[in-house]
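An overview of the molecular structure
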Amino acid sequence: MTILEDEQAGAAAVVDQAVLRARLALLRQEHADLDAAVGSLSGDLAPDMLRMARLKKRKLQLRDQIALLEDQLTPDIIA
């Protein structure tokens, strides 16, 4: 591998991490928005249980996606 190829690979890795971090921020914001929606809905006198279940299911999906991205962004430490 040449020096130029090394630099290009390094630049691509930095861009990939930036994309992952941006995606992670969006997922965290959506998770927080859903949390607020569930909280608001649960405060109603007669909450729509089907809607609340769907929102909670989406929150769980987001949590799994967030965990996956965080794992991808965390460097492996070999002890």
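Residues numbered from 1 in each chain as written. Predicted model: local features only at pLDDT ≥ 70, side-chain atom pairs only at ≥ 80, totals over all residues. Heavy atoms only, no water.

1. Concerning the overall build of the protein chain
Helix and strand counts for the protein chain come out as two helices and zero strands. Expressed as a percentage of its 79 residues, the buried residues of the protein chain come to 15%. Taking contacts inside the protein chain between residues at least 6 apart in sequence as the whole, the part at least 24 apart equals 68%. For the protein chain, the exposed surface amounts to about 6,300 Å²; the carbon and sulfur share of it is 59%. (Helix = DSSP H or I, 4+ residues; strand = E, 2+ residues; numbered from the N terminus. Buried < 20%, exposed > 50% of the residue type's maximum accessible area, 1.4 Å probe, protein only. Contact = heavy atoms within 4.5 Å. Areas by Shrake-Rupley, 256 points an atom, 1.4 Å probe, with all protein chains shown as cover.)

2. Structural notes on the side chain of Lys59
For Lys59, the location among the structural elements is in helix α2 (residues 49-73). A relative accessible area of 18% places Lys59 in the buried class. Not counting chain neighbours up to four residues away, the residues in contact with Lys59 comprise His31, Leu34, Asp35 and Val38.

3. Concerning the pattern of salt bridges
If you walk through the whole model with that rule in mind, you get three salt bridges. Notably, a salt bridge pairs Glu70 with Arg28, separated by 2.4 Å at the nearest N-O pair. Remark: Arg28 occurs in helix α1 (residues 3-42) and Glu70 occurs in helix α2; sequence separation between them is 42 residues. (Salt bridge = Lys/Arg side-chain N within 4 Å of Asp/Glu carboxyl O.)

4. Focus: the environment of Ala67
With respect to the element layout, Ala67 can be found in helix α2. For the pair formed by Ala67 and Leu24, sequence separation is 43 residues and the distance between their alpha carbons is 9.2 Å.

5. Comments concerning the nonpolar core
Judged by nonpolar contacts, Leu24, Leu27, Leu34, Val38, Leu41, Met52, Leu55, Leu62, Ile66, Leu69 and Leu73 together constitute the single largest core of 11 residues. Listing elements by their share of this core, those giving two or more residues are α1 and α2. Setting aside residues up to four positions removed in sequence, Leu73 forms contacts with Gln17, Leu20, Arg21 and Leu24. (Core = buried A, V, L, I, M, F, W, Y, C linked by side-chain atoms within 4.5 Å.)

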